[in-house]
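Breakdown of the fold
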Amino acid sequence: MYRTALRNVLAHKGRLLMTALAVMLGTAFVAGTMVFSDTFSKAMRDSNSKSYSDVAVQVVDRSAGSSAQQKGDGGSAGLTDATVQQLAALPGAADARGVVSGFTGVADRKGGLIGQAWAAKGANFAPGRDGKDARYPMVEGQGPKNAKEVALDRSTADKAGYRVGDTVRVAANGPVIEAKLTGVFTTDDPVVNSGGTLTLFDRATAQQILLEPGRYSSVVLTAKPGTAEDALLAQVRPKLPAGDQFDVETGAKLKADDQAMIASSTDSLRTMLLVFAGISLFVGIFIIANTFTMLVAQRTKELALLRAIGASRKQVTRSVLIEALLIGAVSAVAGLLAGVGIGAGMRSLMGSLNENMPTGSLVIAPTTVLVTLVTGVLVTVLSALLPAVRAARIAPVAAMSSGDQPAGQKSLVVRNTIGSLFAAGGLALIGYGASTGNDSGRIPVGLGAFLALIGVFVLLPLLSRPVVALAGPLLRGLGGTPGKLAQQNAVRNPRRTAATAAALTIGLTLVSGLTVIGTSIGDTIDRAVTSSMKADYLVSAANGMGLSPQLAEQLAKAPGVAASSPMTTAYWKLDGSEEKISGLNPDGFEQLVDIKLAGGSTAALAQGQLLVSQDLATKSGVTTGSTMTVTYPDKSTGRLTVGGVYEKGGMLDSVLLSNAEIAKHDPKPYTPDVLVKGKDGATAGLKQALKDATGANPVIEVKSKQEVRDNFSQAITFALNMMYGLLAMSVLVAVLGVINTLAMSVFERKREIGMLRAIGLDRGGIKRMVRLESVLISLFGAGIGLLLGCFIAWAINGTLKSSLAGLTTVLPYGQLALFLALAGLVGLVAAIWPARRAAGLDILSSIKTD
């Protein structure tokens with residue numbers, strides 16, 4: 001029986017090719033994910049470990065970040081030159097270096113910000129006696145020595161085309177600084193490795209623009225030979241200024257924390273990629289099971305003869321499983337080799353996207369090899385288990401006949417009953433989860449979606465007959481006799497049609513579900529951000545920092561401005577509950593903001609009164625004319641009158657108040673945005689005037705209403721495109737399934753095709769028949785997937801309503817129609833080879849086929 005299994009694999013290698021490819025692609029995805037994540041993780045760990053090579057102990061002042069925004073507010077003492085000198089004088093310290101760091105954006109030659117604001121950093125150049133800073137070795141020029149000089153990392157300088165001696169425009173949290181580029185350096189700083197920018201200033205200038213004069217954000221100590229890091233740590237703690245804002249850690253602890261953070265990040269990436277690899281393998285299960293089912297059906301006489309000459313059921317089962325084992329093993333080895341190539345390709349892709357990204361040699365861990373091989377073999381064998389059991393049930397008497405053994409009526413009833421129970425239970429759970437309206441419904445929706453998907457798969461043979469029958473008139477109209485034959489072929493074996501369509505159903509369920517969720521969230525955010533905005537432009541800082549009052553004044557004076565107002569934010573307690581308050585200027589309010597009042601008037605803002613949202617009014621039990629007790633930031637209290645109630649929406653918070661009233665109790669409120677209305681609307685001239693009013697600051701963004709929408713939609717679009725790319729592998733596996741089924745079906749129907757040719761159907765008719773059958777099966781699977789995906793997306797949106805107010809399900813009909821059309825195209829492409837093969841069969845030899 002072992003020799004028989006091996007002979008069968010070699011005899012049917014052509015028909016098993018697509019199965020092997022499906023397993024290979026799935027295991028290649030698994031191997032590639034593991035190779036890439038291990039390689040990337042090791043490279044990041046090795047690179048970041050260099051950042052702590054000279055750190056024995058590090059002291060960080062957590063309050064330094066807030067002082068950069070509100071300088072001179074006083075508070076507890078920070079890290080100063082005196083602190084650095086005291087720490088340097090410790091018995092175990094070889095050296096102590098004060099470090100200044102904070103946000104600094106760099107403008108390109110056109111005035112735009114280089115890179116992303118979250119990865120734009122400034123720091124101090126701290127040279128030793130030799131005039132060099134070991135952290136930042138200069139490849140050109142020298143480090144900055146005064147306020148008119150800066151140095152840039154090599155990647156940033158290359159991106160902008162800056163050379164030593166050029167004038168560079170940089171900005172932190174104040175006016176633009178124009179300085180001479182005196183040096184270009186290399187660094188292992190993680191910010192630069194992740195694609196960010198790093199600007200170096202001399203110590204005094206860095207303190208002046210990033211923190212405050214004489215203050216450091218951290219101090220790094222190196223230990224004398226023979227001094228342990230823990231011992232130096234114990235010496236450092238008593239020397240720090242009073243206050244609880246200091247974090248003190250050894251270099252080893254910092255390195256370990258960094259390694260753990262990198263491991264966590266790469267594990268999350270690996271998990272996400274493996275989920276999609278699992279989807280591809282799940283799709284492959286249908287192909288493998290379908291292939292072995294068809295092979296068993298085509299070998300009915302052969303298997304019956306084996307039974308007749310003494311082979312037991314166990315031997316027949318083992319024979320089929322051994323075939324699966326051989327295919328799985330070969331495919332898994334090929335998948336492992338392909339996965340190493342995929343890992344290398346992903347590493348190269350990351351390097352091309354960011355040349356500073358750490359790289360290293362490929363890491364092929366024993367775990368990767370073991371998991372890939374076991375996964376490939378296990379998936380293949382388990383997928384072939386049911387066909388193997390069916391093969392063992394073939395009676396010896398079947399040797400006198402050929403063809404498929406029809407499923408018994410009892411078998412079909414049991415199958416449809418089980419499928420109906422699964423589907424009904426899944427749909428009920430999905431409906432229940434959606435009705436909760438909060439995150440407590442996510443588990444029921446997830447479980448329900450899984451059960452519904454399984455139920456639909458089981459019911460697909462039952463669904464295929466009526467659905468395909470509906471397409472009959474259209475097929476006959478488009479294809480004539482070949483179209484009618486295509487319809488009959490599709491319903492001849494519903495199980496086979498269902499197994500082929502199921503692969504596409506999975507892919508389209510996921511793709512359509514993600515698309516509907518993404519479109520719905522995008523629509524909701526779009527309405528939330530811009531529905532209350534009548535202003536033509538929104539001015540804000542790219543790094544999320546607050547804008548200065550002086551900037552708001554300059555913007556108001558820009559040519560073409562009809563109205564403007566800083567939009568401030570404050571947190572006060574109203575009737576004992578802390579609320580977020582939006583501050584605006586009463587004059588020009590109607591030109592800048594659009595709100596729907598349920599009572600009162602916006603004129604109340606000029607009188608120092610509150611406007612509150614309907615939700616807050618209901619919660620607090622207040623109406624227009626009521627008063628609320630206010631607790632201000634300085635702990636003093638007062639009472640304010642409610643001048644109006646409005647429908648909350650858009651960028652506005654639950655409470656509105658005039659900026660003048662807020663300034664009475666909060667002299668320096670956070671100002672994230674400035675709203676601007678133009679005399680002639682949104683024009684290029686007004687946008688340039690506003691940009692000029694900021695001093696062409698690269699950190700300050702001037703965005704129109706549409707640009708605000710686009711900024712939010714870009715993140716959603718990027719996430720969807722990434723998901724589509726990851727799902728592409730499962731769609732490719734599904735295509736292989738269609739090709740495989742059609743090719744084997746053509747082999748199975750050789751005599752029938754020969755007879756059709758003999759009675760007058762030409763080669764073109766044969767091709768058309770196979771193509772239409774393929775398109776029909778593909779559209780059937782895709783249509784079921786679209787319906788299921790949209791329903792699951794509706795349910796998931798229901799669980800998100802508590803987190804995203806106003807969320808409604810939006811069906812992107814254009815995209816869904818495109819997915820359906822692409823599924824038809826997939827069917828057409830998949831049929832090219834089987835159709836050519838069917839049309840090329842010799843008539844006489846086909847008719848003589850046994």
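Residues numbered from 1 in each chain as written. Predicted model: local features only at pLDDT ≥ 70, side-chain atom pairs only at ≥ 80, totals over all residues. Heavy atoms only, no water.

**Thoughts on the overall build of the protein**
Note the following rule: Secondary structure elements are taken from DSSP: a helix is a run of H or I of four residues or more, a strand is a run of E of two residues or more, and numbering for both begins at the N terminus. The contact definition used throughout considers only heavy atoms, calling two residues in contact when any of these lie within 4.5 Å. Using a 1.4 Å probe, the Shrake-Rupley method yields the accessible areas, and only the shown protein chains count as cover for residues. When charges are counted, Lys and Arg contribute as positive and Asp and Glu as negative, whereas His and the chain ends are disregarded. Charged side chains are reduced to one point each, which is NZ for Lys, CZ for Arg, CG for Asp and CD for Glu.
Secondary structure assignment for the protein yields 28 helices and 24 strands. Structurally, the protein occupies a C-alpha span of about 100 × 75 × 45 Å along its principal axes. In the protein, of all internal contacts separated by at least 6 residues, the share reaching a separation of at least 24 is 82%. A total accessible area of about 37900 Å² is found for the protein, and carbon and sulfur atoms account for 60% of it. Computing the positive centroid from 80 side-chain charges and the negative centroid from 61, the protein places the two 15 Å apart.

**Here we look at the nonpolar core**
Where we set the bar: Within this scheme, the nonpolar core is defined by two criteria: the residues are buried Ala, Val, Leu, Ile, Met, Phe, Trp, Tyr or Cys, and they are joined through side-chain atoms within 4.5 Å. Burial status follows relative accessibility: with a 1.4 Å probe on protein chains alone, a residue under 20% of its type maximum counts as buried, one over 50% as exposed, and anything between as partly exposed.
Core analysis: the biggest nonpolar cluster contains 78 residues, and Phe457, Leu460, Ile766, Met769 and Val770 have the highest contact counts within it. Ranked by residue count, the leading element in this core is helix 25 (residues 763–800), at 15 residues. Other than its neighbours up to four places away in sequence, Phe457 contacts Phe282, Phe286, Arg415, Ala502, Thr505 and Ile506. In this structure, Val100, Val150, Ala157 and Leu211 belong to the second largest nonpolar core, which totals 39 residues.

**Observations regarding the packing of aromatic side chains**
We apply this condition: Here a pair means two rings of Phe, Tyr or Trp (six-membered ring of Trp) with centres within 6.5 Å. Their orientation is stacked below 30 degrees between planes, edge-to-face above 60, and tilted elsewhere.
Enumeration over the complete set of coordinates arrives at 6 aromatic pairs. Both rings, one in Trp572 and one in Tyr632, keep their centres 5.0 Å apart while their planes meet at 85 degrees; by these two values the pair is edge-to-face. Of this pair, Trp572 sits in strand 16 (residues 561–574) while Tyr632 sits in the loop between strand 20 (627–631) and strand 21 (637–646), and the two are 60 residues apart along the sequence. The exposure class of Trp572 is buried, given its relative accessible area of 0%. With centroids separated by 6.1 Å and ring planes inclined at 75 degrees, the aromatic side chains of Tyr724 and Phe819 adopt a geometry described as edge-to-face. Taken as a pair, Tyr724 in helix 23 (residues 705–748) and Phe819 in helix 26 (residues 813–830) lie far apart in primary sequence, 95 residues in all.

**Comments concerning the pairing of strand 15 (residues 537–541)**
Here is the rule: Pairing between strands requires that DSSP locate at least two bridges from one strand to the other.
Of all 5 residues in strand 15, 5 are buried; the element is thus mostly enclosed. Alternating positions in strand 15 separate into two faces, Tyr537, Val539 and Ala541 on one and Leu538 and Ser540 on the other, with burial throughout. Note: strand 15 against strand 23 (residues 670–678), 4 bridges, orientation antiparallel. By the bridge assignment for strand 23, Leu538 is matched with Leu675. The sheet contact formed by strand 15 and strand 24 (residues 700–704) spans 5 bridges and is antiparallel. When the bridges of strand 24 are listed, Val539 appears paired with Val702.

**Overview of helix 16 (residues 472–492)**
Rules: A helix is expected to span 1.5 Å for every residue after the first. Bending is quantified residue by residue as the angle between axes fitted to the seven-residue window ending at that residue and the seven-residue window starting at it.
Between the first and last C-alpha of helix 16 there are merely 14 Å, a value that for 21 residues lags more than 12% behind the 30 Å anticipated at 1.5 Å per step. At Gly479, helix 16 is bent by approximately 145 degrees, the largest bend along its length, and proline Pro482 sits one to four residues beyond. Every buried residue of helix 16 is accounted for by Gly472, Leu475, Gly479, Pro482, Gly483, Leu485, Ala486, Gln487, Asn489, Ala490 and Val491. In this structure, the buried residues of helix 16 make contact with helix 15 (442–470), helix 17 (494–530), helix 24 (750–758) and helix 25.

**Observations regarding the sheet that holds strand 13 (residues 218–223)**
To keep things clear, this is the line we draw: Helix axes are fitted only over the stretch in contact, all axes being lines through C-alpha atoms; the angle between N-to-C directions runs from 0 to 180 degrees.
Pairing within the open sheet is antiparallel, and its 4 strands lie in the order 3-13-1-14. With partners counted over all chains shown, the strands left at the sheet margins are strand 3 (93–99) and strand 14 (246–250), one partner each. If you compare each strand with its neighbour and ignore which way they point, the axes differ by 15 degrees on average. Direction of pairing for strand 3 relative to strand 13: antiparallel, over a ladder of 6 bridges. Looking at the pairing, Ala96 lines up with Leu221 of strand 13. Contacts from helix 8 (residues 229–236) reach strand 1 (57–61), strand 3, strand 13 and strand 14 within the one sheet, and its direction differs from that of strand 14 by about 160 degrees.

**Thoughts on the side chain of Arg97**
Within the secondary structure layout, Arg97 lies in strand 3. By relative accessible area, Arg97 is classed as buried at 15%. Ignoring anything within four residues of it in the chain, the contact list for Arg97 reads Asp54, Ala126, Arg135, Ser218, Val219 and Val220.

**A look at the environment of Ala126**
Relative to the helices and strands, Ala126 resides in the loop between strand 6 (120–124) and strand 7 (138–141). For Ala126, a relative accessible area of 23% gives the class partly exposed. On a C-alpha basis, the gap between Ala126 and Ser658 in space is 46 Å, while along the polypeptide they are 532 residues apart. Sequence-distant contacts of Ala126, that is, excluding residues within four places in its chain, are made with Arg97, Lys132, Asp133 and Arg135.

**Side note on the pattern of salt bridges**
As a reminder, the rule being used: Any carboxyl oxygen of Asp or Glu within 4 Å of a side-chain nitrogen of Lys or Arg constitutes a salt bridge here.
For the structure shown, the criterion picks out 16 salt bridges. One salt bridge in this structure joins Asp166 and Arg109, with 2.9 Å as the shortest N-O distance. With Asp166 in the loop between helix 5 (154–160) and strand 9 (167–171) and Arg109 in the loop between strand 5 (105–106) and strand 6, the pair connects residues that are 57 residues apart, well separated along the chain. Each of Asp61, Glu212 and Arg215 takes part in a single network of salt bridges with overlapping partners.

**Points about the confidence of the model for the protein**
As a general rule, the predicted coordinates of low-pLDDT regions are not to be interpreted in detail. To keep it simple, the criterion reads: Looking at any residue, its pLDDT shows the predictor's confidence there, from 0 to 100.
Taken as a whole, the protein shows an average pLDDT of 84; of its residues, 92% reach a score of 70 or greater. In this model residues 67–76 is a low-confidence stretch, pLDDT under 50, and it forms 17 contacts with partners more than four residues away in sequence or in other chains.

**Structural notes on helix 22 (residues 684–693)**
As a reminder, the rule being used: Throughout, the arc means the angular range of directions from the helix axis out to the C-beta atoms.
Along helix 22, the positions that sit buried rather than exposed are Leu686, Ala689, Leu690 and Ala693. Projection of helix 22 onto a plane perpendicular to its axis shows the buried side chains occupying an angular sector of 100 degrees, all on one side. Those residues of helix 22 hidden inside the fold are in contact with strand 15, helix 18 (549–556), strand 16, strand 23 and strand 24.

**Some words on a nonpolar patch on the surface**
Rule in force here: Patch definition: residues with relative accessible area over 30% and no salt bridge; like charges joined within 9 Å; nonpolar side chains (Val, Leu, Ile, Met, Phe, Trp, Tyr) joined within 5 Å.
A surface patch of nonpolar side chains, about 630 Å² in accessible area, is lined by Leu370, Val374, Leu378, Leu382, Leu385, Leu386 and Val389. Mapped onto the nonpolar patch, the elements with two or more residues apiece are helix 12 (366–383) and helix 13 (385–392). Topologically, Val389 is positioned in helix 13. Classification of Val389 as partly exposed rests on a relative accessible area of 30%.

**A look at unusual backbone geometry**
Look at Lys635: it is not a glycine, yet its phi comes out positive at around 75 degrees. Position of Lys635 relative to the elements: it lies in the loop between strand 20 and strand 21. The backbone phi angle of Ala696 is positive, close to 55 degrees, even though this residue is not glycine. Along the chain, Ala696 turns up in the loop between helix 22 and strand 24.

**Let's talk about the packing of helix 25 against helix 26**
Using the following cut-off: Just so you know how the angles are binned, under 35 degrees is roughly parallel, over 145 roughly antiparallel, 65 to 115 roughly perpendicular, and the rest oblique. What makes a crossing left-handed is the near helix being turned counterclockwise from the far one by less than a right angle; a clockwise turn instead makes it right-handed. For this scheme, ten residues count as nonpolar: Ala, Val, Leu, Ile, Met, Phe, Trp, Tyr, Cys and Pro. Four count as charged, namely Asp, Glu, Lys and Arg, and the remainder, Gly too, count as polar.
Direction vectors running N to C along helix 25 and helix 26 enclose 150 degrees, while the axes themselves pass 8 Å from each other. By the angle between their axes, helix 25 is roughly antiparallel relative to helix 26. Considering only the axes of helix 25 and helix 26, their crossing is right-handed. Listed contacts from helix 26 to Arg771, Ser774, Val775, Ser778, Leu779, Ala782, Gly783, Leu786 and Cys790 of helix 25 are Leu816, Phe819, Leu820, Ala823, Gly824, Gly827, Leu828 and Ala830. Among the residues making up the contact of helix 25 with helix 26, the classes are represented as 11 nonpolar, 5 polar and 1 charged.

**A few points about the side chain of Ser520**
Along the polypeptide, Ser520 turns up in helix 17. Once residues within four sequence positions are removed from consideration, Ser520 is found in contact with Asn797, Leu807, Thr808, Thr809 and Val810.

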